[in-house]
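What follows is each chain in one-letter form.
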Amino acid sequence: MAITKEQAIQAIRDAVHQVVGEEWAQEMTIDGDTTLSGGLELDSIEIAKVIEIMLKRFPAVDFENWFAQMAMERIVGMTVGDIAAFIAASSPELAA
Amino acid sequence: MTAGGAPELNAISLGGANRRTILFVHGMAGTAGLWALGYAFRLVKDYHVVAYDQRGHGLSPAPPSGYRLADHADDLERVRRRHTDGPVVVVGYSYGGHIASQWAMRYPQSAAGLVILDTPPLPVSAHDIDAMLDGVSAVLGGDFSPSGGFLDPLKDSLRDDIQRRRRALMNVKRRLDVLKQTRFRQEVLGDQPFSDAAFQGIACKTGLIYSSGAGHHAYARRQQALIGDCALTILEGEHDFVIQRADAVAAALQAFLAGLPDEAWHPAPAPVES
């Protein structure tokens, strides 16, 4: 099933809420330009947890090979839009 | 909690569980995050990688007690059993190296290999623990004067950025405040250095990867002399070389893994009962 970038951003929002809890999540604005580390101030274990949730949510997306190309600074510095775009691009029929 | 009353520890598992498993043990006040993000993705093509948060750390619960090395080693073995039936290579950084060593001593049948990263000698000093437990409060208030092994890299990362990183720092402080309500401090300080015989009891192939600058070489050489199949690699850098020189540390780790014989990954046959 095709996944739009906006649907992927919503999935990341849900994952962040799950990891940080509603108290913090209510203060967060999460859009495509938000970075995981700087914007959301997630620490490394929270980012790892969000990524783990995304791996389970989108098992057909080859996150592991994608992240294998990156240093840790690059991973934590990614924007929500970067990840969403990768998910959408990995989707077999990219919706508009 | 598990059925046996042990806390259910947070673990990140990456790569197919049908592959050989590497298990990362973080240092004091650390989390699985560094290992999941900085190392696991380099290895998942060939290995199943698990990084977990010790009790009282990261996203794991903080029970009132159970912070001795033997308790941590039992936790580590429970994490292993949760993720694989077979032997694993355990990689322990700093204080996590003591946990990894204790585990290899207690559970030799589970150990395919052991990698110790820049682990200083025991006992842990009260100053270092107090700097860790209390120092973050001071730094949050803008006082950067407290010092200690854990605090120094944290201060460096926050000094110019304390407002923007406020939530991250509050997170660390919240976790440490929870830890302060437990017997963590007393139990860590109560752990005694390993004896020569204990090190001699480590049966698996062991790799020691130490930084040139942290000054723990005498301890590394003692381990090298006592552990049967053991090699020491010294890399340029300080104690935070696992972050600053992750490429070099990962390469040394991969060299160790490449040198492990196939039979190390197979469970030892059960003893025949007479």
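Residues numbered from 1 in each chain as written. Chains lettered and ligands numbered in written order. Predicted model: local features only at pLDDT ≥ 70, side-chain atom pairs only at ≥ 80, totals over all residues. Heavy atoms only, no water.

1. Structural notes on the nonpolar core
For step 1, the next point in the chain: Formed by 76 residues in total, the largest nonpolar core has its most connected members in A:Phe63, B:Phe24 and B:Val89.
For step 2, the next point in the chain: Not counting the four nearest positions on each side in its chain, A:Phe63 is found in contact with A:Met54, A:Leu55, A:Phe58, A:Ile83, A:Phe86 and A:Ile87.
For step 3, the next point in the chain: With 47 residues, the next largest nonpolar core counts B:Leu76, B:Ala104, B:Tyr107 and B:Ile227 among its residues. (Core = buried A, V, L, I, M, F, W, Y, C linked by side-chain atoms within 4.5 Å. Buried < 20%, exposed > 50% of the residue type's maximum accessible area, 1.4 Å probe, protein only. Contact = heavy atoms within 4.5 Å.)

2. Digging into the packing of aromatic side chains
For step 1, the next point in the chain: Taken as a whole, this structure holds 13 aromatic pairs over all chains when the rule is applied.
For step 2, the next point in the chain: Cation over ring: B:Arg42 sits above B:Tyr39, and NZ or CZ is 5.8 Å from the ring centre. (Phe/Tyr/Trp six-rings, centres within 6.5 Å; stacked < 30°, edge-to-face > 60°. Lys NZ or Arg CZ within 6 Å of the ring centre and 35° of its normal.)

3. What to know about the sheet that holds strand S7 (residues 230-235) of chain B
All names here are of chain B.
For step 1, the next point in the chain: The seven strands lie next to each other as S1-S3-S2-S4-S5-S6-S7, forming an open sheet whose pairing is mixed. Every interior strand has two partners, whereas the edge strands, strand S1 (11-14) and S7, have only one. Going across the sheet, the axis of each strand differs from the next one's by a mean of 15°, ignoring polarity.
For step 2, the next point in the chain: Two elements, strand S4 (residues 88-93) and strand S5 (residues 111-117), share six bridges in a ladder whose sense is parallel. Within the sheet, the bridge partner assigned to Tyr93 lies in S5 and is Leu117. (Pairing = 2+ DSSP bridges. Helix = DSSP H or I, 4+ residues; strand = E, 2+ residues; numbered from the N terminus. Axes fitted to C-alpha atoms, helices over the stretch in contact; angles between N-to-C directions.)

4. What to know about the interface of chain B and chain A
For step 1, the next point in the chain: Contacts between chain B and chain A engage 24 residues on the former and 23 residues on the latter.
For step 2, the next point in the chain: Summed over both sides, the interface between chain B and chain A buries roughly 2100 Å², with carbon and sulfur atoms accounting for 61% of that surface.
For step 3, the next point in the chain: When the buried surface of chain B facing chain A is broken down by residue, B:Leu37, B:Phe41 and B:Arg167 rank first, second and third, together holding 40% of it.
For step 4, the next point in the chain: A:Asp43 is the partner of B:Arg175 in a salt bridge, and the nearest nitrogen-oxygen pair spans 3.0 Å.
For step 5, the next point in the chain: The interface formed by chain B and chain A includes four residue pairs in polar contact (both at pLDDT 80 or more).
For step 6, the next point in the chain: Of all elements in the fold, only S1, helix H1 (33-43) and helix H6 (166-180) of chain B reach the threshold of two or more residues within the side of chain B that touches chain A.
For step 7, the next point in the chain: Here the side of chain B that touches chain A takes six residues from H1(B), the largest share from any one element.
For step 8, the next point in the chain: A breakdown of the residues in the side of chain B that touches chain A according to their chemical character gives 11 nonpolar, seven polar and six charged. (Buried area = accessible area lost by both parts, 1.4 Å probe. Salt bridge = Lys/Arg side-chain N within 4 Å of Asp/Glu carboxyl O. Polar contact = N/O pair within 3.5 Å; in protein donor to acceptor, adjacent residues only side chain to side chain. Nonpolar A, V, L, I, M, F, W, Y, C, P; charged D, E, K, R; others polar.)

5. What to know about the pattern of salt bridges
For step 1, the next point in the chain: Under the defined criterion, the tally for this structure stands at 18 salt bridges over all chains.
For step 2, the next point in the chain: It is possible to trace a salt-bridge network through shared partners that takes in B:Arg55, B:Asp75 and B:Arg78.

6. Quick look at the domain arrangement of chain B
Residue and element names in this part refer to chain B.
For step 1, the next point in the chain: Taken as a whole, chain B is organised into domain 1 (11-122 + 193-265) and domain 2 (124-190).
For step 2, the next point in the chain: Contacts between the two partners involve 17 residues from domain 1 and, on the opposite side, 13 residues from domain 2.
For step 3, the next point in the chain: Across the domain 1 to domain 2 interface the summed buried area is about 1200 Å²; carbon plus sulfur atoms make up 71%.
For step 4, the next point in the chain: Contact with domain 2 buries surface across domain 1, with Met28, Ala29 and Tyr67 losing the most and accounting together for 40% of the total.
For step 5, the next point in the chain: Remark: the boundary between domain 1 and domain 2 carries zero salt bridges. (Domains from an automatic or database assignment.)

7. Quick look at helix H3 (residues 44-57) of chain A
For step 1, the next point in the chain: The terminal C-alpha atoms of H3(A), which comprises 14 residues, lie 20 Å apart, in line with the 20 Å expected from a rise of 1.5 Å per residue.
For step 2, the next point in the chain: The buried fraction of H3(A) is high, at 12 of 14 residues. (Expected span 1.5 Å × (residues − 1).)

8. Some thoughts on the packing of H1(B) against helix H11 (residues 246-258) of chain B
Residue and element names in this part refer to chain B.
For step 1, the next point in the chain: It is the contact of H1 with H11, at a shortest axis distance of 11 Å, that shows an interaxial angle of 40°. In terms of orientation, H1 and H11 fall into the oblique class. For the pair H1 and H11, the sense of crossing is right-handed. For the pair H1 and H11, the contacting residues are Tyr39, Arg42 and Leu43 in the first and Ala246, Asp247, Val249, Ala250, Leu253, Gln254 and Leu257 in the second.
For step 2, the next point in the chain: Across the contact of H1 with H11, the residue classes tally to seven nonpolar, one polar and two charged. (Parallel < 35°, antiparallel > 145°, perpendicular 65-115°, else oblique. Left-handed = near helix turned anticlockwise from the far one by under 90°.)

9. Concerning the state of the cysteines
Residues and elements named next belong to chain B.
For step 1, the next point in the chain: For the structure on display, the rule yields zero disulfides over all chains.
For step 2, the next point in the chain: Note on Cys204: no disulfide assigned, nearest cysteine sulfur contributed by Cys230 at a separation of 9.4 Å.
For step 3, the next point in the chain: Residue Cys204 is classed as buried on the basis of its relative accessible area, which comes to 7%. (Disulfide = S-S within 2.5 Å.)

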